[in-house]
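Okay, here's what each chain looks like letter by letter:
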Amino acid sequence: MECAGGGRTRCSAPPTRRCGGCGAISHWSLHKEECERLERQMRDADVVNDFPFTFTQEATVQVCEKVETRCSVLAKWGIHRVGMWTCECSCFALGSSLDRSRLIEGWNLPSVLCPCKGPLSPIQKQLSCWKDYLEWRCIPLHSPAAFLLQWPLTLYWVTQLAATRSLISVTTDELCIHYLGPDKELFQLSVFGELHALFPGVQVRIELVGPAIPETRDGEIRDLRSYAQCTETDCICKYADESISSHASTAKSSAVTLRLHAGYYHDRYRDVAKDSSPHLIIAPNAGVAAYSTWLPTIELIKEIDIPAVFTDYCEEACHLAACCISTVTGRSPRIPIQLNPFRQPLAVEDSALFLPCYSNCFLFGV
């Protein structure tokens, strides 16, 4: 991510002192123009840190203040360096030998803490926050499942936003999403099984495209026929058909298919779109302002005129990204920068700014 020095320098390490004005950054002499904007963002920190979970304080403020770490938070549930959770802390970067080709199917949690089977009832209203979702799926406020559910819930929320602005239709029984730049999601693909519940009766196809996908997995197809499983051997989630079928079943069953494509989107688009023209493009935690490789992709998105939504770790990163994209497209975002209610409720450690940072924290659309 570019630092708030207007792109004139990069933050390669955590800040060591704060600007007396905004309190968000150490390069005061290089960010005079941004100071007022960053000051406003700092004033909104309590809103960004606000979650309904019982562990909110330790997973947000205490992680930022180094009282807790992501490792210690995960360890309290016994999920530190386990299964899909392996890449959720700094330990993963120290020795990432996990086999990316193996589909990890389990939550490593008991059924009471995770959505391992279909919902008891269909969605009665648009889900607008974590509390809505947890109540609907009968998941308690002390469950850590939201740390991974950020991925399918962000897809759900982005789709609802795009539909509200008439950028896409939600009445269709088919939804194709081009998903740009997956990374740790490659170890957590099973969690996308939750899309069965979020889009009942819809055939969901997700084309994941990015340089982090190994060439050996290029073209790989994953049909998710069930939800990620719990640890209980006698749970219904061990039987795919029964776990998908529930009291919320619809006349037409849903389907969730993932396909992987190695490389950059602007290089692979023609091949991908040949079989799967997108309704929507999503780029989670994109870091548009930090990587010059985004430029040809943004030019392509302008050319094909498909709605695209970008998320990032903080509001400033989204601001910088939106400025970069507007320079290329010549127009303002069609979905303004806003807080994602389904951001990951576990703070990012050692971020480049003092601003609160979370995976999929803010988003905007073009």
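Residues numbered from 1 in each chain as written. Predicted model: local features only at pLDDT ≥ 70, side-chain atom pairs only at ≥ 80, totals over all residues. Heavy atoms only, no water.

The name given to the protein chain in an unreviewed UniProt entry is Mitochondrial splicing suppressor 51-like C-terminal domain-containing protein, with the source organism recorded as Escallonia rubra.

Q: How do you make sense of the pairing of strand β1 (residues 174-180) when you look at a structure like this?
A: Along any regular strand the residues' side chains alternate between the sheet's two faces. Counting buried positions along β1 yields 6 of 7 residues, so the element is predominantly enclosed. Where β1 lies against strand β2 (residues 203-210), 7 bridges are found, and the strand directions are parallel. Residue Tyr 179 lies in a different strand from β2, and its bridge partner there is Leu 208. Direction of pairing for β1 relative to strand β5 (residues 280-283): parallel, over a ladder of 3 bridges. (Buried < 20%, exposed > 50% of the residue type's maximum accessible area, 1.4 Å probe, protein only. Helix = DSSP H or I, 4+ residues; strand = E, 2+ residues; numbered from the N terminus. Pairing = 2+ DSSP bridges.)

Q: I'm lost on unusual backbone geometry in this one. Help?
A: Negative phi values dominate among residues other than glycine, just as trans dominates among peptide bonds. With a phi close to 60 degrees, Arg 81 is a non-glycine residue in the positive phi region. Its place among the elements puts Arg 81 in the loop between α5 (70-75) and α6 (91-94). Its identity as a non-glycine residue notwithstanding, Asn 285 has a phi of 45 degrees, on the positive side. Relative to the assigned elements, Asn 285 resides in the loop between β5 and α12 (294-304).

Q: Honestly, empty space enclosed by the protein in this entry has me stumped. Any pointers?
A: Rolling a probe over the atoms, with the probe sized like a water molecule, indicates the empty space that remains. Using the criterion set out here, one finds 2 cavities of 30 Å³ or more in the structure. Approximately 50 Å³ is the volume attributed to the largest cavity. Lining the largest cavity are Gln 41, Asp 44, Val 48, Cys 314, Glu 315, Leu 355, Pro 356 and Phe 362. Within the lining of the largest cavity, the residues separate by chemical class into 5 nonpolar, 1 polar and 2 charged. Around the second largest cavity, the lining residues are Gln 150, Trp 151, Thr 154, Leu 155, Tyr 179, Ile 282, Pro 284 and Asn 360. At 4 residues, helix α8 (residues 146-164) tops the list of elements feeding residues into the lining of the second largest cavity. (1 Å grid on protein atoms, 1.4 Å probe; cavity = no way out; pocket = protein on both sides within 12 Å on 5 of 7 lines; lining within 4 Å. Points joined across faces, edges and corners; volume = space filled by probe spheres on them. Nonpolar A, V, L, I, M, F, W, Y, C, P; charged D, E, K, R; others polar.)

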